[in-house]
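Tertiary structure, described
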Amino acid sequence: MSIKVENISKSFQARRKGEERLSVLKDISFDVNDGEFVSLLGPSGCGKTTTLTIIAGFQKPDEGKIVVKGKEVSKPGPDRAFMFQNYALFPWLKVGENIEYPMIKKKLPKAEREKKLMELLHIAQMENYKDYYIHEISGGMKQRVALLRALACDPEVLLMDEPLGAIDFQMRHMLQQQLENILMQKNCTSLMVTHDVDESVYLSDRVVIMSRDHGRILEDVKIDLPRPRDRESEKYHEYIEHITEILKSALNGDVVTQEDKDIMEFIKNRESEENKENIAC
Ligand SMILES: Nc1ncnc2c1ncn2[C@@H]1O[C@H](COP(=O)(O)OP(=O)(O)OP(=O)(O)O)[C@@H](O)[C@H]1O
Ligand SMILES: [Mg+2]
C-alpha cells in the first residue's frame, strides 16, 4: 500500500504573544511505494514527527494531502499502525494481552486472536514471555512487543517514530536485524523516523533527508544494497558518508539539541576514524 505525501504545509500557533506562527512544514512532498521501507532523517525540530503524525491522521495539514492506496486520508485508521518511541505498552497487561489488545478492539474471534498471537510471538522468538508483565521484560523485549502489537491487526502501513531510540548500541543492532526479518515476513510498507544514520542505511530502501528550512527535503537517497546489509562493505560506508555530509550541511553550525549533538558526535567520530586510517596508510 503506497503513501503519497502531497505538498503538505503545517504551522503552529505562537506560544507567546507577539510571536509569529511557527511554520514547520512548507510544501513537502514524497512517496513511499508499496512494500518499501523508507526512513525520514533530519536535525531535531525539522518536522519529522509532525510529518509522521499527519500521515497517521493524528493531526491535519494546513495545506496539501495524504493519499494512502489511492485514497485521501484525514483521520487515523487501522490500515496505518503507529509505533511510539516510548513503547506505550499497558503495564497492567501481560505481554500476550498487550499484543492481543488491538485484535480485541477490532472484534476478532478468540480462536483467530490466539492463532495470530502465537504466530507473532513466534516470529519475534518471544513465545516463552507471553505471560510476563511488561515490567518483567527487558527494554529490547518491550520494543519487540510494541512492534508485535503494531503488527497485530495486519496494518498495511507501519509508521515508526524513533522505534529504537531508547535502546543501547549492542541491542540496537540485534533489534534492527529482527525488525528487518519481521517486516520482510509481513511485507509492510514502512516509514520510520530516526536520527541514526547507520540505522537508516541498514534498514531502508530509501532515506529521505529533511532540513530545518520548513522541512525542505535535501535529498531522497536510494540505498541500492542487497539484504541483509553488510556493514563492512565499501558501498555501505559510502552511503553513510554521503548521508552524513548532507546532514552536516543541514545542521550548518546550528547545533541546538541533544539529538543534534548526537549527529555531530557521529560525524566527529567518523572523521577521527578516517584520520586514523589516513595516518595508518
Ligand atoms: N503541537 C504543537 N504545537 C506547537 N509547536 C509544535 C507542535 N508540534 C510540534 N511543534 C514544533 O514543530 C517543530 C517540529 O517538531 P517535530 O516534533 O516535528 O520535530 P522532529 O523533527 O520530530 O524533532 P526531534 O528529532 O527532536 O523529535 C518544533 O519546533 C516543535 O516545537
Ligand atoms: Mg520527533
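Above: the structure in question.
Cut-off values and rules
Residues numbered from 1 in each chain as written. Chains lettered and ligands numbered in written order. Predicted model: local features only at pLDDT ≥ 70, side-chain atom pairs only at ≥ 80, totals over all residues. Heavy atoms only, no water. Axes fitted to C-alpha atoms, helices over the stretch in contact; angles between N-to-C directions. Helix = DSSP H or I, 4+ residues; strand = E, 2+ residues; numbered from the N terminus. Parallel < 35°, antiparallel > 145°, perpendicular 65-115°, else oblique. Left-handed = near helix turned anticlockwise from the far one by under 90°. Contact = heavy atoms within 4.5 Å. Nonpolar A, V, L, I, M, F, W, Y, C, P; charged D, E, K, R; others polar. Buried < 20%, exposed > 50% of the residue type's maximum accessible area, 1.4 Å probe, protein only. Expected span 1.5 Å × (residues − 1). Salt bridge = Lys/Arg side-chain N within 4 Å of Asp/Glu carboxyl O.

Side note on the packing of helix 2 (residues 95–105) against helix 4 (residues 139–151)
Remark: helix 2 packs on helix 4, axes separated minimally by 7 Å, with the N-to-C direction vectors making an angle of 25°. With respect to each other, helix 2 and helix 4 are oriented roughly parallel. As helix 2 packs across helix 4, the resulting crossing turns out to be right-handed. Facing V95, N98, I99 and P102 of helix 2, the residues of helix 4 in contact are V145, L148 and R149. Classifying every residue of the contact of helix 2 with helix 4 by side-chain character gives 5 nonpolar, 1 polar and 1 charged.

Some thoughts on unusual backbone geometry
Geometrically, the link from R227 to P228 is a cis peptide bond, its omega value of -10° lying close to zero. Assignment of secondary structure puts P228 in the loop between strand 10 (217–222) and helix 7 (234–251). Phi at D154 takes a positive value of approximately 50°, unusual for a residue other than glycine. Residue placement: D154 occurs in the loop between helix 4 and strand 7 (157–161). The backbone phi angle of H214 is positive, close to 55°, even though this residue is not glycine. Relative to the helices and strands, H214 is located in the loop between strand 9 (206–210) and strand 10. Residue H214 is classed as partly exposed on the basis of its relative accessible area, which comes to 26%.

Structural notes on helix 5 (residues 169–186)
Here helix 5 is 18 residues long and its end C-alpha atoms lie 26 Å apart, about the 26 Å a rise of 1.5 Å per residue gives. Taken together, the buried positions of helix 5 are occupied by R172, L175, Q176, Q178, L179, E180, I182 and L183. Residues of helix 5 that are buried in the fold lie against strand 3 (37–41), helix 3 (110–123), helix 4, strand 7, strand 8 (189–194) and helix 6 (197–203). Phi for N187, located one or two positions after helix 5, is positive at around 55°.

Let's talk about the pattern of salt bridges
Here the idea is simple: oppositely charged side chains can pair when their charged atoms come close. This structure, assessed with the given rule, holds 17 salt bridges. The closest approach of N and O atoms between D79 and R80, which form a salt bridge, is 3.2 Å. We classify R80 as buried; its relative accessible area is 8%. Residues K130 and D131 are paired through a salt bridge, measuring 4.0 Å at the closest nitrogen-oxygen approach.

So, the packing of helix 2 against helix 3
When two helices pack together, their arrangement is given by the angle between the helix axes and the distance between those axes. Remark: helix 2 packs on helix 3, axes separated minimally by 10 Å, with the N-to-C direction vectors making an angle of 130°. The orientation of helix 2 relative to helix 3 falls into the category oblique. Relative to helix 3, the crossing made by helix 2 is right-handed. From helix 2, V95, G96, I99, E100, M103 and I104 reach across to helix 3, where they touch R113, K116, L117, L120 and L121. Its residues assigned to classes, the contact of helix 2 with helix 3 comprises 7 nonpolar, 1 polar and 3 charged.

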